[in-house]
Amino acid sequence: MASEKHNFIVSAIARKIRQDGFRIIYLDGKYQDIDTKKFDIPPKIINHKPDVIGEKESIFFCIGEAKTRNDIFSERTKNQITDFLTIVRLNSGNRLVVGIPLNAKEDLEKLLLELGLANQKQIEIIYIPEELLPYEEEI
């Protein structure tokens with residue numbers, strides 16, 4: 001089950017995707033934070049289900065993926081970003097939007113450098129200040 005922080009970042013990604021002219025077609029998160037209608041769960045892309053998928057003009061698509069600070073250096077995250085970008089690169093109008101807490105900015109920059117994906121025009125990163133993220137007590 002996704003954390004409240006993760007769900008908040010997914011909502012921010014959905015907003016960004018819409019601002020960029022994409023229509024949300026799949027969502028794995030709290031749909032109530034995004035719309036009144038429930039979305040279908042995204043299909044697997046290669047081996048991973050993204051958090052959000054949007055489409056524009058039935059030609060272009062956008063994949064949105066939320067990461068918390070603890071997720072950044074996992075093998076799963078490395079594989080997701082690489083696999084999602086492989087599909088995104090099929091058309092220059094496609095996008096990959098990655099949302100992270102602002103305090104993870106350096107970590108994500110290091111990861112993208114490690115993967116050889118720094119300064120990719122089709123990757124957009126949104127940073128969420130920690131003050132905006134829901135507070136969650138650890139049990």
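Here the structure is shown first, and the text comes after it.
Everything in this summary refers to the structure shown in the same document.

1. Some details on helix α2 (residues 75-88)
- With 14 residues, α2 should reach 20 Å at 1.5 Å per residue; the first-to-last C-alpha distance of 20 Å fits that figure.
- Along α2, the residues that are buried comprise Thr77, Lys78, Gln80, Ile81, Asp83, Phe84, Leu85 and Val88.

2. Here we look at the sheet that holds strand β2 (residues 52-56)
- Taken together, 5 strands build an open sheet; the order of strands is β1-β2-β3-β4-β5 and the sheet is mixed. Edge positions in the sheet fall to β1 (23-27) and β5 (123-128), since each of these pairs with one other strand and no more. Going from strand to strand, the sheet's axes swing by 20° on average, the running direction of each strand aside.
- In this structure, strand β4 (residues 95-101) lies alongside β5, joined through 6 bridges in parallel fashion. Of the residues in β5, the one forming a bridge with Gly99 is Ile126.
- Its contacts with the sheet put α2 on β3 (60-66), β4 and β5, and the angle it makes with β3 is roughly 170°.

3. A word on the environment of Lys110
- Along the chain, the position of Lys110 falls in helix α3 (residues 105-114).
- Lys110 gets classed as partly exposed once you look at its relative accessible area, which sits at 49%.

4. A word on the pattern of salt bridges
- Inspection of the entire model under this criterion finds 7 salt bridges.
- One salt bridge connects Lys16 with Asp20, and the closest N-O pair in it is separated by 2.9 Å.
- For Lys16, a relative accessible area of 18% gives the class buried.
- The class for Asp20 is partly exposed, based on a relative accessible area of 24%.
- Among the ionic pairs, Lys78 bridges to Glu114, the shortest N-O distance being 3.0 Å. Here Glu114 lies in helix α3 and Lys78 lies in helix α2, a separation of 36 residues in the sequence.

5. Observations concerning the packing of α2 against α3
- Contact geometry for α2 and α3: axes closest at 11 Å, N-to-C directions at 60°. As for how α2 packs across α3, the hand of that crossing is right-handed. Contact residues: Thr77, Lys78 and Ile81 in α2; Leu108, Leu111, Leu112 and Glu114 in α3.
- When the residues that make up the contact of α2 with α3 are grouped by side-chain class, the tally is 4 nonpolar, 1 polar and 2 charged.

What counts as what
- Residues numbered from 1 in each chain as written.
- Predicted model: local features only at pLDDT ≥ 70, side-chain atom pairs only at ≥ 80, totals over all residues.
- Heavy atoms only, no water.
- Helix = DSSP H or I, 4+ residues; strand = E, 2+ residues; numbered from the N terminus.
- Expected span 1.5 Å × (residues − 1).
- Buried < 20%, exposed > 50% of the residue type's maximum accessible area, 1.4 Å probe, protein only.
- Pairing = 2+ DSSP bridges.
- Axes fitted to C-alpha atoms, helices over the stretch in contact; angles between N-to-C directions.
- Contact = heavy atoms within 4.5 Å.
- Salt bridge = Lys/Arg side-chain N within 4 Å of Asp/Glu carboxyl O.
- Left-handed = near helix turned anticlockwise from the far one by under 90°.
- Nonpolar A, V, L, I, M, F, W, Y, C, P; charged D, E, K, R; others polar.

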